[in-house]
Amino acid sequence: MADIQPRPLPTPTPETAHFWEGTRNGVLRLQRCLDCGHIYFPPRPFCPACGSKRVEVFTASGRGTLLSYVINHRRHPSFDGPYCIALVKLEEGPTMMSNIVECEQTPEALVLDMPLTVVFERQNNDIFVPLFRPAEQST
Amino acid sequence: MTGVAIVGAAETTELGRIPDVSQLQLHADAALNAFADTGLTAKDIDGVATAGSTPVELVHYLGITPRWVDATSVGGCSFMIHVRHAVAAIQTGQAETILITHGESGRSQIGRGARGAGTAGLAQQFESPYGAMGPTTMFTIPVLRYMKEYGLTHEQLATVCVVQREWAGRNPRASYRDPITVDDVFASRMIAYPFHLLECCLVTDGGGALILTRAERANDFPQKPVHILGTGESAESPMVSQMQDLCSSRAFRVAGSEAMRDAGIGHDDVDHLMVYDAFAHLPIYGLEDLGFCEKGEAAGFIADGNTRPGGKLPLNTNGGGLSYMHSGMYGMYALQESVRQMRGTAPAQVPGAEVSVCLGVGGMFAASGCIVMGTEAAA
């Protein structure tokens with residue numbers, strides 16, 4: 001196995017700090033406009049749909065579905081072998097990029113629209129990155 | 001028509017692998033070739049637009065005293081947007097004769113500044129941690145959703161490359177000219193599933209330059225003038241994950257429809273089309289977002305031979321970024337091919353072509369610029 005380097009880590013800004021504070025505490029946070037109800041990501045202190053500054057931060061369900069992806073075969077210093085870069089459609093509406101873990105990184109295992117659940121991977125004391133794993137199917 | 005024409009157009013003397021020329025000199029080589037194309041010198045230029053270098057660096061290096069500069073840098077379609085801005089500047093008298101340059105040592109990396117945007121930008125916070133590393137992983141990520149929604153097959157995606165190679169085979173300056181098959185595409189190594197190597201653009205060195213001025217002056221120059229009939233531009237998001245619709249580019253739709261409306265043309269008026277093809281799905285998105293095909297029908301349109309030599313809508317007739325060349329910001333080469341087609345000097349000339357649409361994309365669907373060009377007769 002090649003020597004795996006840390007992921008490229010984000011530097012939170014004042015406008016995104018709540019998101020990274022959330023992941024550090026094991027929750028996925030989104031924002032909602034109190035005027036028009038639009039739910040959005042990535043973070044900003046105003047609504048991108050209507051411009052209102054009356055917005056709130058709330059804890060999302062952490063559930064989503066696999067919207068699209070690629071399996072990167074070129075070497076990345078932070079990944080061992082081919083890995084999936086995914087777009088996850090969150091239950092609340094927004095889309096975010098992530099990786100799919102606890103799942104083979106193959107087209108056969110990665111089926112579009114499969115249900116996913118967020119998990120948080122510790123990078124250091126400050127940064128926990130939200131990743132997604134296949135959700136347990138309800139019986 | 002805009003009343004503005006392209007009177008000078010040239011690529012760098014060499015294309016491909018150019019390890020003995022810096023990026024700045026690639027800009028200059030293209031500019032000097034464009035001067036030669038027009039009979040003008042740096043002293044005749046009063047406006048400069050560029051991306052990948054700065055207009056400041058260019059005017060110093062070339063000896064230009066500008067009264068108009070544009071440093072719009074939104075990826076590979078920056079040059080389409082420069083053309084649009086140059087048209088407005090010439091129309092309003094802010095400049096008389098504008099030079100637009102591109103030079104990029106994409107393969108050899110000679111004299112190329114460091115890239116990178118730190119770690120606090122939106123894309124750096126919300127995409128880079130997941131191993132997104134440049135166009136091969138980002139430009140490509142929408143296509144599986146498109147395949148599921150519209151039934152695009154792997155064979156159809158590969159066919160885009162096969163058809164463009166047919167065009168490249170007719171272009172002596174194309175990097176790759178040998179015919180390929182769908183099986184050749186599938187046999188090339190996987191880059192980012194579902195994209196094989198041959199479904200990704202080249203990485204080469206080169207440059208190009210354009211000179212624009214008022215159309216009334218256009219016949220004072222040695223080359224057949226190419227008229228700018230219409231222009232459009234737009235932008236959407238620096239993050240591919242935040243596209244409104246993974247199956248369509250909002251920037252394509254906005255820029256394309258504005259350019260065609262500005263030109264006063266309909267789809268049946270278009271004889272020649274360039275769609276910036278960094279990857280095999282781009283022509284599919286472009287054909288649909290420009291309205292040449294209904295949603296979900298572009299792959300079949302290509303597979304049926306409509307865009308190949310002899311087809312009713314010749315597309316990417318230089319071979320495109322997939323086979324001709326791709327330095328990183330390919331838009332300049334698409335513009336150059338539209339100019340050659342309108343001059344009637346393209347190696348794979350479309351007989352009787354009078355109107356060309358040239359659609360650019362920048363930064364993984366982040367931005368777009370679209371230029372409609374025409375011959376004197378079309379203007």
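Definitions and cut-offs
Residues numbered from 1 in each chain as written. Chains lettered and ligands numbered in written order. Predicted model: local features only at pLDDT ≥ 70, side-chain atom pairs only at ≥ 80, totals over all residues. Heavy atoms only, no water. Helix = DSSP H or I, 4+ residues; strand = E, 2+ residues; numbered from the N terminus. Buried < 20%, exposed > 50% of the residue type's maximum accessible area, 1.4 Å probe, protein only. Contact = heavy atoms within 4.5 Å. Buried area = accessible area lost by both parts, 1.4 Å probe. Salt bridge = Lys/Arg side-chain N within 4 Å of Asp/Glu carboxyl O. Polar contact = N/O pair within 3.5 Å; in protein donor to acceptor, adjacent residues only side chain to side chain. Nonpolar A, V, L, I, M, F, W, Y, C, P; charged D, E, K, R; others polar. Pairing = 2+ DSSP bridges. Axes fitted to C-alpha atoms, helices over the stretch in contact; angles between N-to-C directions. Parallel < 35°, antiparallel > 145°, perpendicular 65-115°, else oblique. Core = buried A, V, L, I, M, F, W, Y, C linked by side-chain atoms within 4.5 Å. Domains from an automatic or database assignment. Phe/Tyr/Trp six-rings, centres within 6.5 Å; stacked < 30°, edge-to-face > 60°. Lys NZ or Arg CZ within 6 Å of the ring centre and 35° of its normal.

Enquirer: Any chance you could explain the side chain of Thr95(A) here in plain terms?
Expert: Secondary-structure assignment places Thr95(A) in strand β6 (residues 95-98). Under the relative-accessibility criterion, Thr95(A) is labelled buried at 13%. Residues within four places of Thr95(A) in sequence aside, it is in contact with Phe41(A), Leu67(A), Leu87(A), Val88(A), Lys89(A), Ser241(B) and Gln242(B).

Enquirer: Which parts of the structure should I look at to understand the interface of chain B and chain A?
Expert: A common way to report how large an interface is uses the accessible area buried once the components associate. Each side of the interface is counted separately: chain B has 31 residues, and chain A has 40 residues. Buried surface at the junction of chain B and chain A, summed over both partners, amounts to about 3000 Å²; 64% is from carbon and sulfur atoms. When the area that chain B buries against chain A is broken down by residue, the three leading residues are Phe126(B), Tyr130(B) and Ile141(B), summing to 25%. Taken together, the links from chain B to chain A amount to two salt bridges. With a shortest N-O distance of 2.6 Å, Asp113(A) and Arg145(B) are connected by a salt bridge. Linking chain B to chain A there are 16 residue pairs in polar contact (both at pLDDT 80 or more). Mapped by element, the contributors of at least two residues to the side of chain B that touches chain A are α4 (122-126), α5 (135-138), α6 (143-150) and β5 (190-193) of chain B. Here the residues of the side of chain B that touches chain A sort into 18 nonpolar, ten polar and three charged.

Enquirer: Where do I start with the pairing of strand β5 (residues 83-90) of chain A in this structure?
Expert: Regular strands place side chains that alternate from one sheet face to the opposite one. All names here are of chain A. Among the eight residues that make up β5, seven are buried, leaving the element largely enclosed by the rest of the structure. The sheet contact formed by β5 and β6 spans four bridges and is antiparallel. Bridge pairing in β6 places Val 88 opposite Met 96. Between β5 and β6, which pair antiparallel and follow one another directly, the connecting turn spans four residues, one of which, Gly 93, has a positive phi of 125°.

Enquirer: Would you mind showing me how to read the packing of helix α3 (residues 78-91) of chain B against helix α13 (residues 331-343) of chain B here?
Expert: Residue and element names in this part refer to chain B. For the pair α3 and α13, the least separation of the axes is 7 Å and the interaxial angle reads 60°. What the angle tells us is that α3 and α13 run oblique. Facing α3, whose interface residues are Phe 79, Met 80 and Val 83, α13 presents Gly 331, Met 332, Ala 334 and Leu 335. Its residues placed into classes, the contact of α3 with α13 shows six nonpolar, one polar and no charged.

Enquirer: I tried to follow the nonpolar core on my own but got confused; where do I start?
Expert: In summary, soluble globular proteins display a tendency toward joint burial of nonpolar side chains. Within the largest apolar cluster, 142 residues are counted, with the highest numbers of intra-cluster contacts made by Tyr69(A), Ile100(A), Ile100(B), Leu210(B), Leu212(B) and Leu287(B). Here this core gets eight residues from one element, more than from any other, and that element is α3(B). Counting the residues that make up this core, at least three belong to each of domain 1 (13-60) and domain 2 (61-139) of chain A. For Tyr69(A), the residues in contact, after removing those within four places along its chain, are Cys84(A), Ile85(A), Ala86(A), Thr106(A), Pro107(A), Leu110(A), Leu112(A), Ile141(B), Leu144(B) and Tyr193(B). Counting residues in hydrophobic clusters, the runner-up holds 23 residues, among them Ala30(B), Leu58(B), Ala209(B) and Ile211(B).

Enquirer: Would you take a moment to explain the packing of aromatic side chains for this structure?
Expert: When we look at a pair of aromatic rings, we describe it by the centre distance and by the angle of the planes. Residues and elements named next belong to chain B. Applying the stated criterion across every chain, the model contains 16 aromatic pairs over all chains. Ring geometry for Phe 252 and Phe 365: centres 6.1 Å apart, planes at 70°, overall edge-to-face. Highlighted residues: Phe 252 in helix α9 (residues 250-263) and Phe 365 in the loop between β10 (355-362) and β11 (367-374), separated in sequence by 113 residues. Neither residue differs from the other here; Phe 252 and Phe 365 are each classed as buried. Among the aromatic side chains, those forming a connected cluster through ring pairs are Phe 139, Tyr 146, Tyr 150, Phe 195, Phe 252, Phe 279, Tyr 285 and Phe 365. Between Lys 295 and the ring centre of Tyr 150, over which it is positioned, the NZ or CZ distance is 5.5 Å.

Enquirer: Can you help me understand the environment of Pro55(B) in this one?
Expert: Summarising the element assignment, Pro55(B) is placed in helix α2 (residues 55-62). Residues Pro55(B) and Trp68(B), 13 residues apart in the sequence, show an inter-C-alpha distance of 9.6 Å.

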